[in-house]
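Take a look at the letters that make up each chain.
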Amino acid sequence: MGGVELHLYQLSSCLIKRGNKVVMITHAYGDRKGIRYLSSGLKVYYLPIQPFYNQNSFPGVVVPTNIALLRNILIREKIEIVHGHQAFSTMAQEMIFQSKVMGYKTVFTDHSLFGFADVSSILTNRLLQLTMGVYVSHVICVSHTSKENTVVRGNLDERDVSVIPNAIDYTRFTPDPKQRDKNSITIVVITRLTYRKGIDLLADVIPLICEEFPNVNWIIGGDGPKRIVLEETRENYQLHDRMKLLGNVEHAHVRDVLVQGDIFLNCSLTEAFCIAIVEAASCGLLVVSTAVGGVPEVLPDDMILQAEPTTNDIFLSMSEAITKISEGDFLNPFVVHNRVRNMYSWYDVAERTEIVYSRLRQEKQETHQERINRLSKNQGAYGSKFFFVILIACIFILRILEYLLPEEYIDEAVDFDHRHKIVHNNIEEVQ
Amino acid sequence: MKNRPPWQKILYKRQPYEDNFTDYDTFLAGLKRNSNFTEYQFSQLVLDSTVINNQISLVAIFISIFYYTLIQSITTPVLVGSTSIVTIVGYIFSVISGSSLSGNNLKANVRSMIILLISIWGLSPVLRSLTAPISEDTIIVLTLLFFAVHLYFQDYGYLIGLSEKYFAPVSLNAAIFASVCLVSRLPSTVHVFAIMFLAIEIFALSPMLRHHLKKYSYWLDKVSSLILFASSIYLLKNISLVFTWMYVLSVSFISVICPICLVYMQRYKNILHGPWDEAIPSREKVFFKE
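Rules used throughout
Residues numbered from 1 in each chain as written. Chains lettered and ligands numbered in written order. Predicted model: local features only at pLDDT ≥ 70, side-chain atom pairs only at ≥ 80, totals over all residues. Heavy atoms only, no water. Pairing = 2+ DSSP bridges. Helix = DSSP H or I, 4+ residues; strand = E, 2+ residues; numbered from the N terminus. Axes fitted to C-alpha atoms, helices over the stretch in contact; angles between N-to-C directions. Contact = heavy atoms within 4.5 Å. Patch = residues over 30% accessible without salt bridge, like charges linked within 9 Å, V, L, I, M, F, W, Y side chains within 5 Å. Areas by Shrake-Rupley, 256 points an atom, 1.4 Å probe, with all protein chains shown as cover. Salt bridge = Lys/Arg side-chain N within 4 Å of Asp/Glu carboxyl O. Left-handed = near helix turned anticlockwise from the far one by under 90°. Core = buried A, V, L, I, M, F, W, Y, C linked by side-chain atoms within 4.5 Å. Buried < 20%, exposed > 50% of the residue type's maximum accessible area, 1.4 Å probe, protein only. Parallel < 35°, antiparallel > 145°, perpendicular 65-115°, else oblique. Nonpolar A, V, L, I, M, F, W, Y, C, P; charged D, E, K, R; others polar. Arc of directions from axis to C-beta. Polar contact = N/O pair within 3.5 Å; in protein donor to acceptor, adjacent residues only side chain to side chain. Buried area = accessible area lost by both parts, 1.4 Å probe.

Asks: Looking at this structure, how should I read the sheet that holds strand S15 (residues 304-307) of chain A?
Replies: Strands in a sheet are paired, the pairing made by backbone hydrogen bonds, and the direction either parallel or antiparallel. Residue and element names in this part refer to chain A. Strands sit in the order S12-S11-S10-S13-S14-S15 across an open sheet of six strands; the sheet is parallel. Every other strand in the sheet has two partners, leaving strand S12 (243-247) and S15 as the edge strands with one partner each. Each neighbouring strand pair of the sheet contributes to a mean axis angle of 20°, computed without reference to strand direction. Pairing of strand S10 (residues 185-190) with strand S13 (residues 263-266) involves two bridges; the strand directions are parallel. Bridging from a neighbouring strand, Ile187 pairs with Ile263 of S13. Contacts from helix H6 (residues 199-212) reach S10, strand S11 (216-221), S12 and S13 within the one sheet, and its direction differs from that of S11 by about 160°.

Pasting the structure below:
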């Protein structure tokens, strides 16, 4: 599972445990269409819309079937707030727009950092400026750096952006020092092997460290286009017995790989919030990371060693980390785990998200005229006319739908009350 | 007045501040506007635009020489002779001024040149009949279109000295195809050979020479631009006044109007840098053993 999906699943589970009703809407995944219930009580609607590029569905913003489906779901489930995630998701943007026009309250969470200079950033920022400025009541970011980035690129009011960090399931990431190799120091790297994750820097640092410290071994998990660079490094420096490339590691097995290590290294070139280092710290490892994006805010200084994104500096920080571990100068892994327990938990995230939701409750409904005014202030001369046309089209389709499928005729969905779930011999009964 | 500890930019502690609190002292402290901004100077832009004008002039010269060949104003021996002289002079210049183009291997270069000439000579009959059945109007349109593509996709970065490798396959192919289109109207195979030789010299060989000339002497390069400009006007004048004016207008558009627009638009420049930027990894290995 990717980071965002994990975030969605955990956040929904905790919100449900706190007594809220959560429904997730997404597009079809291959053959998976329809409605599914997950064990946490979460109801997922896999809408019959196929992705058309890069796991994204076609943004049919004013396609009547999309609007009808969404309207149906929102009325059936008696939804009050629509929360969209991830700037890259076309479905999130589209549904936020449609639900806002239908009169629901909307929230948007941004999980990544963006630049300003290249074409894709310029276009995405323009779109997000519209979504976040006009169609969303509140924005949530995962770190303070992410908040600064979002405010600048969306041209937003800082008071409309909240910072709620990510979290991890610390019950799953517990330390196990017995798994470590006592005769050597093991460095673990688990990441996608792409340029963005600094694999070039990693490939430079590995031979330097291996030469300087003869009792250091590497475990590298993950796959991607830069895997070939690491394999070349292994070939060139004959590190076959000291460097293990595991390939893709499933999220369920990440903890088992992490506990084999003493040090975790992260060389990313950009990160909004790095969940990987929190997972590693929770398993008791000493973390070495590049100080980019939101990373300096995530862990206190005695649990992480930060470096500039240069080969030289990463080498220096790694040397310091290896010396610390070999001299026994680092905290006990269980002490580290307990500290991380108190830092990041999904219950905390759910509670803070609920504060955002309750703030929205008091917000008054915006009329169409007010929205049009905000739209014209938000976009330029041509942009506002274009989006205005889309807005009018959407309102028009909604009026037709209200006539053809009036609200009174839509059945209300039965709420699955999971609190009364009893498990007897693998049979689940509901009382 | 709440007595709470100062706000810190950290996520691992739950602070007694609401989640949308903004500490205006530190908020966006890392934002840098227009930091590495070098402003364009008008004179510099005009001088640098000569690289594009050179290319336009060369295309104009090629087309006019083709036209003169077509109406038999220039005879084939004169054309082949002058093209060869220009090639040899260019080669001698690059060898004398010590460029790395020629590779200091006279025999290999002469051999490859001879092979090239023999191939063009051998292919001339084929090239002549290649586009012969196409009507004249289509030929004119195709020629103009492909020369436009050639001008658009040319590697100006290499020509102006910014990069060291010439990489513009689209533009070279477009230029050669345009010359093949033209060549089908010529009276004999010898004419075809002469024009194709000229085309290869202008479009395939001259970029390297111009790149080297620019690196060797800035002012010599500017003088050569003037010479090309003057020659184009002189050659086009006798063909058609309309084309001469079109040429002059396009050159002045590139050299005068475009720089003015660019300098005017500098006021809208808004480069933003901050801690969210993707880092540029420095892979320099400068490490010291203690």
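Once you've had a look at it, read on.
Asks: Sorry, what's going on with a nonpolar patch on the surface here?
Replies: Residues and elements named next belong to chain B. On the surface, Tyr40, Phe42, Phe253, Val256, Ile257, Ile260, Leu262, Val263, Tyr264, Met265 and Tyr268 cluster together into a nonpolar patch covering about 1,000 Å² of accessible area. Tallying contributions element by element places helix H10 (residues 241-265) first for the nonpolar patch, with eight residues. Here Tyr268 lies in the loop between H10 and strand S2 (272-273).

Asks: Honestly, the packing of helix H2 (residues 64-76) of chain A against helix H3 (residues 90-102) of chain A in this entry has me stumped. Any pointers?
Replies: Any two packed helices are characterised by how steeply their axes cross, that is the angle between the axes, and by the distance between the axes. Residue and element names in this part refer to chain A. Two elements in contact, H2 and H3, have axes whose closest approach is 10 Å; the angle formed by their N-to-C orientations is 65°. Judged by the twist between their axes, the crossing of H2 over H3 is right-handed. Across from Asn66, Ile67, Leu70, Arg71 and Leu74 in H2, the residues of H3 making contact are Glu94, Met95, Gln98, Ser99 and Met102.

Asks: Whenever I open this one, the nonpolar core confuses me. Can you help?
Replies: Generally speaking, soluble globular proteins have nonpolar side chains that are buried together. Grouped together as the largest cluster of nonpolar side chains are 99 residues, with contacts concentrated most on Leu202(A), Ile209(A), Trp218(A), Leu230(A), Leu258(A), Leu265(A) and Ile277(A). Ranked by the residues each element gives to this core, the list is headed by H6(A), at nine residues. With residues near it in sequence (within four places) discarded, Ile277(A) still touches Phe264(A), Asn266(A), Val287(A), Ser289(A), Val295(A), Val298(A), Leu299(A) and Ile304(A). Residues Ile65(B), Leu79(B), Val180(B) and Ala199(B) belong to the second largest nonpolar core, which totals 30 residues.

Asks: So what exactly am I meant to see when it comes to the pattern of salt bridges here?
Replies: Two side chains of opposite charge can pair, provided their charged atoms sit close to one another. For the structure shown, the criterion picks out 23 salt bridges over all chains. Put simply, Lys43(A) and Glu77(A) hold a salt bridge, and the shortest N to O gap is 2.7 Å. With a gap of 34 residues between them, Lys43(A) in strand S3 (residues 43-47) and Glu77(A) in the loop between H2 and strand S6 (81-85) connect regions that are remote in the sequence. Here Arg159(A) ties to Asp157(A) by a salt bridge, and the two come within 2.7 Å at their closest N and O atoms. Sharing partners across several salt bridges, the network here consists of Asp348(A), Glu351(A), Arg352(A), Arg14(B) and Asp19(B).

Asks: In this structure, what is going on with the packing of H3(A) against helix H4 (residues 119-135) of chain A? I would like to understand it.
Replies: Residues and elements named next belong to chain A. Following both chains from N to C, one finds H3 and H4 inclined at 30°, their axes separated by 11 Å at the closest point. In terms of their interaxial angle, H3 and H4 are classed as roughly parallel. With respect to the hand of their crossing, H3 and H4 are arranged in left-handed fashion. Taken together, the residues of H4 that come into contact with H3 (itself represented by Gln93, Ile96, Phe97 and Lys100) are Leu128, Thr131 and Tyr135. A breakdown of the residues in the contact of H3 with H4 according to their chemical character gives four nonpolar, two polar and one charged.

Asks: Where do I start with helix H11 (residues 333-343) of chain A in this structure?
Replies: For the α-helix, the turn length of 3.6 residues means that residues three or four positions removed from each other point alike. Residue and element names in this part refer to chain A. When we look at burial in H11, the residues that qualify are Pro333, Val336, His337, Val340 and Met343. Buried residues of H11, seen end-on, are gathered within an arc of 115° and therefore sit on one face of the element. Looking at the buried side of H11, the elements it contacts are helix H9 (275-282). One side-chain oxygen of the residue at the start of H11 lies 2.8 Å from the amide nitrogen of Phe334, identifying that residue as Asn332.

Asks: What is the right way to read the interface of chain A and chain B from this model?
Replies: When the parts of a complex come together, some accessible area is lost, and that lost area is often taken as the interface size. Facing 50 residues of chain A, the contacting portion of chain B comprises 31 residues. On the chain A side of the interface with chain B, the three residues burying the most area are His144(A), Glu148(A) and Glu297(A), jointly 16% of the side's total. Inspection of the region where chain A meets chain B yields five salt bridges. As a salt-bridge pair, Asp348(A) and Arg14(B) come within 2.6 Å of each other at their nearest N and O atoms. Across the contact surface, chain A and chain B share 14 residue pairs in polar contact (both at pLDDT 80 or more). At the level of secondary structure, the elements contributing two or more residues to the side of chain A that touches chain B comprise helix H5 (144-154), strand S9 (161-163), H6, helix H10 (311-326) and helix H12 (346-361) of chain A. Of the residues forming the side of chain A that touches chain B, the biggest block, seven residues, is contributed by H5(A). A class-by-class count of the residues in the side of chain A that touches chain B yields 25 nonpolar, 11 polar and 14 charged.

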